[in-house]
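Below, each chain spelled out in residue letters.
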Amino acid sequence: MAIAAGTFESLELRGVGRSFGGVDALVDLNLMVRAGEFIALLGPSGCGKSTALNCLAGLLPLTHGQILIDGARVDTLAAEDRGFGMVFQNYALFPHMSIEKNIAFGLEMRRLPKQEIRRRVDEAVALVKLEQHVHKLPGQLSGGQQQRVAIARAVVLEPRLVLMDEPLSNLDAKLRLEMRTEIRRLHQSLGLTTIYVTHDQEEALSMADRLVVLRDGRVQQIGTPAELHDAPRNAHVADFMGYRNLLDLVITSVEGTSVTATDQGFTLRGTAVDPVAVGDRVRAAIRPEDLVVVPASEGASDNTNVATVSIVEYHGREFAVGVTTPSGRLLHVRSDHAPAIGSPVELRADPARVLVFPSDPSDAAALSVEERELEEVRT
Amino acid sequence: MSAVTAGGTRTRSTASLRHRLAERGVDSSLFMLLPAIVFAIALFIYPFSYGIGLTFQPTLAMQAQWGGGIFANYVAFFRDPFVFESVYLTMRLALPVALFNVAVSVPLSFKLRQRFRGKETLTMLLVLPITLGTVLTAQGLLIFAGRQGWLNRFLLQIGVIDQPLTLVNNYWGVFFSLVISGLPFAFLLISSYLSGIDPSIEAAAKTLGANWVQRFRRVTLPLLAPGLATTFILTFVLAFSVFPSARLVGDAMGETRVMALMGYRAFAEQLDYPMASTIAVMMGVVELVIVAIVLVWRSFMYKGSTGGKG
């Protein structure tokens, strides 16, 4: 394959920050990217992930920090001189140029010979399987095809770095899955170093080699998908990694990392991520799939609580069940059978899979249950 | 009764006639067009046809002087250098003014697309002249730029010039007046066309290595061109029909003897209504020729969606 990644050893972001009129959109981002890596920047809307990407692309000047490639600064270069490819959320194709012309644009800007341009455009078109559409205008293509053109336009330049800004968020669910595989395939076959912005944790976990979770412009955690999935650093990362049940509790006993916490008759044994002491206010995080419904009659088992079924959703192999605890808390759980609405059930959790985080007093106020639900609706 | 036709592909509608007409847009809501139709006939179609009719009823004096029977007025229009020259004099004003207004509005709109301190004030200052009448503008120009005006006195005092500049009562007076009244229109139109172009398209060109000249020439200008053409037509038409300022700040019998003035002269001074109508009709014809040329040029350009909010 002739299209290949531009070469470098490492890309380093050193204390990168950006503020807009005194408001910090991105604070102190430190990241070392190795050539060929696929990094996902993950976070809710307004967390600074797109700001970080635009800073990398050179579309936004930095207010703090440096960006270095193999030790040489690139943040002082203009966007047009960085040689990074960028794929935009709304594709940003040139509406007045044919697909072919769109893909050739960057090559023409580099004043490459005509035959060279032809050859590389043909290759890029073949790569994204759009051979029959080269003479059409972008408006005549479907969303998925337009996104493929945008990707071809970026990779045809053999960029040192490909930046993708939520490229799949405008596509429907089925196409999104297909394009996910497609991007992954391109990444692997071309060895492109990619930085991918998304708010979809599933997308990030399935595609990236490493994830950077951002919140309010600050890095929460950097790690491999497995690390983030199994061992989130704090309650925000946990929330974002699919721990839908976040419970504010008070510690009643501590034995090493095994702790028991309770609140209003709801008692749970779990694993403390950070050291906590008896009487501390904590936030326990549990995935719906780790909180299982057991019939009330079985009883007497370990680490169980009672609740009433309020919502049952069919999810194919299993049922997603919404239950209400006696204190009125709504929990998301899983069940292999459909319990009757209004019936009492027992919920069982494996203590190893209940993560207990010390609650940050400022956070508790900043992110109430209502706000969290609002956030879920938004993302 | 629905019967399958011989082809078997279409079935006859069972809906009532009224329903079928409504499907084609023929229903009682058409009465809402009535006032518009009445006004269009009474105030435009009838007088316009009457005026065209008048042009073919030349006065006996015209017929005697120029010949050509019922076409005497048209013969006079093309043969009489005093009349025909006004076409050139009007074009000499309207074309440069329209080009100037469009050319100046483009960088202005680009700058005012960004956010910066004082943007609202600047926009307001640019648009404010729309509210000024032509007469007010003319009066202001005479006071400001006349031989004894502030501008000349200031330039004389600081020693830049030793003779007052002649800026009014000639070509330039009318030019300035037309720029003052036409530029805000051009600026507003081009700004709205520019806001219709998605900024991420330019950002994409930037990441693909295009510098600002290449971005403007290859991406923004082609997307903006249909808007520029429309803006050019509108400011051209505004400038072409210039009448008050040509008289007030121009040289009404010399450099700025525009077609509108010639028409007025025939109408009010020579009381030759048929000739006045002929000049008015020819004004329309000349404008249409220019508009047609621009529209033909525009038809070769991309006119689809540009992705922005416009």
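Being a predicted model, the structure only gives us computed values, none of them experimental.

Asks: I would appreciate a short explanation of the overall build of chain B in the present structure.
Replies: Tallying secondary structure elements over chain B gives 14 helices and zero strands in all. Helices and strands appear in chain B in the N-to-C order α-α-α-α-α-α-α-α-α-α-α-α-α-α. Computed over its C-alpha atoms, the radius of gyration of chain B comes to 26 Å, more than 25% above the 19 Å expected for a compact globule of 310 residues. Referenced to the eigenvectors of the C-alpha coordinate spread, the extents of chain B come out at roughly 95 × 70 × 30 Å. Looking at chain B residue by residue over its 310 residues, the buried ones come to 31%. Contacts in chain B between residues at least 24 apart in sequence constitute 70% of all its contacts with a sequence separation of at least 6.

Asks: What exactly am I supposed to notice about the overall build of chain A here?
Replies: When helices and strands are counted, chain A shows 11 helices and 20 strands. Seen through its C-alpha atoms, chain A measures out along the principal axes to roughly 80 × 45 × 35 Å. For chain A, the residues scored as buried account for 41% of the 379 residues in total. In chain A, the share of contacts with a sequence separation of at least 24, taken over all contacts with a separation of at least 6, comes to 68%.

Asks: What exactly am I supposed to notice about the packing of helix α4 (residues 72-79) of chain B against helix α14 (residues 273-298) of chain B here?
Replies: When two helices pack together, their arrangement is given by the angle between the helix axes and by the axis-to-axis distance. Residue and element names in this part refer to chain B. For the pair α4 and α14, the least separation of the axes is 9 Å and the interaxial angle reads 60°. You can see that α4 and α14 cross each other, and the crossing is right-handed. For the pair formed by α4 and α14, the contact residues are Asn 73, Tyr 74, Ala 76 and Phe 77 on the first element and Pro 274, Met 275, Thr 278, Ile 279 and Met 282 on the second. Of the residues assigned to the contact of α4 with α14, the class counts are seven nonpolar, two polar and no charged.

Asks: Sorry, what's going on with the interface of chain B and chain A here?
Replies: Think of interface size as the accessible area that goes away when the parts come together; that is how it is often given. Taken together, the contact pairs 20 residues of chain B with 18 residues of chain A. No other element matches the six residues that helix α10 (residues 199-207) of chain B contributes to the side of chain B that touches chain A. Its residues assigned to classes, the side of chain B that touches chain A shows nine nonpolar, nine polar and two charged.

Asks: Looking at this structure, I do not really get the sheet that holds strand β8 (residues 194-198) of chain A. What am I missing?
Replies: All names here are of chain A. In space, the six strands of this open sheet follow the order β6-β7-β8-β3-β9-β10, with mixed pairing throughout. The open sheet has two edge strands with one neighbour each: β6 (84-87) and β10 (218-223). Put simply, the sheet's adjacent strands are angled 15° from each other on average, direction ignored. Where β6 lies against strand β7 (residues 161-165), four bridges are found, and the strand directions are parallel. The partner of Phe 84 across the bridge, within β7, is Leu 161. Contacts from helix α5 (residues 143-155) reach β6 and β7, with the element oriented near 175° to β6.

Asks: Looking at this structure, I do not really get the sheet that holds strand β5 (residues 72-73) of chain A. What am I missing?
Replies: Strand pairing in a sheet relies on backbone hydrogen bonds, with the paired strands running either antiparallel or parallel. Residue and element names in this part refer to chain A. A sheet is described by the order of its strands in space; here four strands give the open sequence β2-β1-β4-β5, paired in antiparallel fashion. Each of the sheet's edge strands pairs with one partner strand only, and the pair in question is β2 (23-34) and β5. As paired elements, strand β4 (residues 64-69) and β5 share two bridges and run antiparallel to each other. Considered in β5, the bridge of Leu 68 is made with Arg 73. Helix-sheet contacts for helix α1 (residues 49-57) involve β1 (10-20), β2 and β4, and the interaxial angle to β2 is about 65°.

Asks: Even after reading the chapter, I still don't get the domain arrangement of chain A, so can you show me in this structure?
Replies: Looking at chain A, the domain boundaries give domain 1 (10-230) and domain 2 (245-378). Each of domain 1 of chain A and domain 2 of chain A was reduced to a C-alpha centroid, and the two centroids are 38 Å apart.

Asks: Quick question: what am I supposed to make of the pairing of strand β14 (residues 281-286) of chain A here?
Replies: Side-chain positions along a regular strand alternate between the two faces of the sheet. All names here are of chain A. Burial within β14 is extensive, with five of its six residues counted as buried. Pairing geometry for strand β11 (residues 245-255) and β14, over six bridges, is antiparallel. Note on β14: the bridge partner recorded for Val 250 is Arg 281.

Asks: Before we go on, may I ask you to explain the pairing of strand β20 (residues 355-358) of chain A in this structure?
Replies: Residue and element names in this part refer to chain A. In this structure, strand β13 (residues 266-272) lies alongside β20, joined through two bridges in parallel fashion. Of the residues in β20, the one forming a bridge with Ala 272 is Val 356. Bridge analysis of β14 against β20 gives four bridges, and the strand direction is antiparallel. Paired with Ala 285 across the two strands is Leu 355, which belongs to β20.

Calculation rules
- Residues numbered from 1 in each chain as written.
- Chains lettered and ligands numbered in written order.
- Predicted model: local features only at pLDDT ≥ 70, side-chain atom pairs only at ≥ 80, totals over all residues.
- Helix = DSSP H or I, 4+ residues; strand = E, 2+ residues; numbered from the N terminus.
- Rg over C-alpha atoms; globule rule 2.2 N^0.38 Å.
- Buried ≥ 20, exposed ≤ 12 C-beta atoms within 10 Å, placed from the backbone.
- Contact = placed C-beta atoms within 7 Å.
- Axes fitted to C-alpha atoms, helices over the stretch in contact; angles between N-to-C directions.
- Left-handed = near helix turned anticlockwise from the far one by under 90°.
- Nonpolar A, V, L, I, M, F, W, Y, C, P; charged D, E, K, R; others polar.
- Pairing = 2+ DSSP bridges.
- Domains from an automatic or database assignment.

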